[in-house]
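Fold and geometry: a report
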Amino acid sequence: MNQPHQKARTEIHPEQEFIIGSYRWFTYSAEVTGLRLVCLEDLTTGTITTTAVVNPTRRTAAHKAWAGARQSRAAGMPWEILHEMGEKGVDPDQKLEEMFRGYGHASVGDMARLTVDLGKVPMHLCLALFNEGSLNSGQEKSTRYQSEFGKAVLHPMRLYVPESLPQEHVEHLEREYQSFGTESLELFAKHKAALLHAFERYYQADTTKPDQKSALTSRVLDCVRYFLLLGQWSGVSFETSARDWSRIIAELKASPLSYYQRVAAQIEKLLAPTKEEEEALGYKAEAPGLIRHTAPLLTTNRNLHALKQFLEDQTDLLQSVSIHSGFPKRVVQRVSLIEPLYTEGDRLVAAYTLLLWPGLERKQLLNWIHAQDSETKKAISTMIFAGHTNYCELPGFGRTTRMTLVMESFLGELRDLNRHRAWGRFFPLPLVFGERLSRETIEQIIARGFGVPLYLTDIPAFADYKTAFEQDLVSYYTKLQEFLGKVSAMYRDTIDYAFVLNLLPLAHQLDLWMHGDPKQAAYFTAQRSRPGGHINYRTLAYEANQLLAMSDSYLSGMRLPRKPDPSSREEFFDRS
């Protein structure tokens, strides 16, 4: 992809809008947006959700899904089935709802596909959505192709603190909190200017050639995104089945983050409006019967709470396994392959435990889990599986296998690699699953440290730029620690520390566990090591490929021959 030219935006106006409670509905006609666009804004959070409607007079997704579902009972050809539905005046949404909720035949819900776009949302919500999806397609706004991130807005702190907090306290906290967003953008701009000049000189870029100028800009943006914050605004388009949307909404409603709970209610309202709202907007939702009345899916978080009490009170886990602590330092990215000694169950228990204590040392944790006696293992298993049925499945991170890569990298790379939905994926951030964030939990997360782009660490000519990069990040974390200490001294454990997640820079270290199989391993490592990608995740993919190829002689044929080279001028300008 080439860097798009920034054009002046044409202001367009909605065809209609009205406010109901804390929501604002507005629509755009097909003449303006190609398809009828239905939009819903939460006036409290500022988040906007939209969905495009193919036919405002029909429930298109439900209609197609019911016609497909009829294949199991109807002998006719597709046109005969659809004709029969019309003759009998079938309400496909009602029929699907009866089958989906009344009979528990949930697979029909996967035949109704729905797309929702979300705007003015923090990056971590996009991260959570991709992590929760396995059937989805989607696209998030790219820090590589959109220089507008240089003006990114930091999600308000008021959405993460208790409503009972006095207004003057919230306003005071908000001012200091927003200063981190300002500093982030200043550092982004400062290092962008410096690296554009440095990279242009080192790689001998001819900026009169559009392809070289585009590549230069993209490589620089790959680096300076490290100063962007996880809580700054982004946007995402997310497409999945109605059944999957129902599950995701239910899980978001149970999240420890109250903002996620509001987003869940907003998505549900967009996809399943009331009859009165439909009439006022002049359209029919695609498949509201498969979405409406989605209850919070509390099972996993209840089980996590029970597991925490058990591990604290009846085991020596916290005395036997060390926890990362202290001031964050620069760390080096690497890839690990979890030894086959550890079972799928070991890996599952490790994920549950890391959601409770994200700072636990991984190798020690796996050893401790594997070494427990049969009685302890059965007790833990009972807690994890409690309440889960064929209608209430384990969370997505339960898709463990014996082929597990641990990408010990940074949030920027995690955002990219987390989109490989065919892998079972896990990262130890309590966004959707976990307990309310305490200061202790946040300190464990912060202590993981931060990284610097490989262009700066691996090329001696950029040593001064690496030093400046690192010094600015150390200064940023110092300020963050001071702010955290100030908030803690004033509010102690009466406040939720989830707001600190918004202040983590994309340079921050966080492990991504990827459970896969040979097919996905061959595709993933070949795809992500190509020259067009960011040098950090290209190197991770290559190192993962080498580990996998060496782990089993039957996998040796997938070995990639060429290691990515950050100093290569050819690779720098190669956009393939």
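Residues numbered from 1 in each chain as written. Predicted model: local features only at pLDDT ≥ 70, side-chain atom pairs only at ≥ 80, totals over all residues. Heavy atoms only, no water.

1. Here's the deal with the overall build of the chain
Check the secondary structure of the chain and you find 22 helices and 11 strands. The C-alpha radius of gyration computed for the chain amounts to 25 Å, which stays within 12% of the reference 25 Å derived for 576 residues, consistent with globular compactness. Taken along the three principal axes of its C-alpha coordinates, the chain extends 75 × 70 × 60 Å. The buried share among the 576 residues of the chain stands at 55%. (Helix = DSSP H or I, 4+ residues; strand = E, 2+ residues; numbered from the N terminus. Rg over C-alpha atoms; globule rule 2.2 N^0.38 Å. Buried < 20%, exposed > 50% of the residue type's maximum accessible area, 1.4 Å probe, protein only.)

2. Considerations on the packing of aromatic side chains
Overall, the coordinates contain 31 aromatic pairs when judged by the stated rule. Measuring from ring centre to ring centre gives 6.0 Å for F26 and Y28, while their planes differ by 80°; the resulting arrangement is edge-to-face. The two residues F26 and Y28 agree in class, both being buried. A centroid spacing of 6.1 Å and a plane angle of 85° characterise the contact between Y476 and Y477, whose relative ring orientation is edge-to-face. Side by side, Y476 and Y477 carry an identical accessibility label, which is buried. The rings of F199, Y202, Y203, Y455, F462, Y465, F572 and F573 are connected pair by pair, giving a single aromatic cluster. The residue whose ring lies beneath R419 is F130, and the NZ or CZ to ring-centre distance is 5.6 Å. The side chain of K479 reaches across the aromatic face of F180, ending 4.7 Å from its centre. (Phe/Tyr/Trp six-rings, centres within 6.5 Å; stacked < 30°, edge-to-face > 60°. Lys NZ or Arg CZ within 6 Å of the ring centre and 35° of its normal.)

3. Comments concerning the sheet that holds strand β2 (residues 23-28)
Strand pairing within a sheet occurs via backbone hydrogen bonds; the two strands may be parallel or antiparallel. Across the sheet, 7 strands lie side by side as β1-β2-β3-β4-β5-β7-β6; this open sheet has antiparallel pairing. Because the sheet does not close on itself, it has two edges, and the strands there are β1 (16-20) and β6 (137-140). The mean angle between the axes of side-by-side strands here comes to 15°, regardless of whether they run parallel or antiparallel. By the bridge criterion, 3 bridges tie strand β4 (residues 48-53) to strand β5 (residues 113-122) in an arrangement that is antiparallel. By the bridge assignment, T50 is partnered in β5 with D117. Together, β2, β3 (36-42), β4 and β5 form the strand contacts of helix α9 (residues 258-271), whose direction differs from that of β5 by roughly 140°. (Pairing = 2+ DSSP bridges. Axes fitted to C-alpha atoms, helices over the stretch in contact; angles between N-to-C directions. Contact = heavy atoms within 4.5 Å.)

4. Describing the nonpolar core
Membership of the largest hydrophobic core comes to 168 residues, with the highest contact counts inside it found for F199 and M407. At 10 residues, the largest contribution of residues to this core is made by helix α6 (residues 167-202). Excluding residues that lie within four positions of it along the chain, M407 makes contacts with R334, V335, L417, L510, D511, L512, M514, F524, L540 and A544. (Core = buried A, V, L, I, M, F, W, Y, C linked by side-chain atoms within 4.5 Å.)

5. Concerning the side chain of E278
Residue placement: E278 occurs in helix α10 (residues 275-281). Given a relative accessible area of 8%, E278 falls into the buried group. Beyond its immediate sequence surroundings of up to four residues, E278 is in contact with R59, P273, Y283, K284 and A285.

6. What about the sheet that holds strand β8 (residues 334-337)?
Pairing within the open sheet is antiparallel, and its 4 strands lie in the order β8-β9-β11-β10. Looking along the sheet, the strands with just one partner apiece sit at the ends: β8 and β10 (424-426). Ignoring strand direction, the axes of neighbouring strands in this sheet form an average angle of 20°. Here 7 bridges tie strand β9 (residues 404-410) to strand β11 (residues 509-515), and the two strands are oriented antiparallel to one another. Bridge pairing in β11 links S409 to L510.

7. Quick notes on the pairing of β1
Bridge count between β1 and β2: 5 bridges; the pairing is antiparallel. Within β2, the residue paired with F18 across the bridge is W25. With antiparallel pairing between neighbouring strands as the criterion, β1 and β2 make up a hairpin whose turn holds 2 residues, including G21 at a positive phi of roughly 60°.

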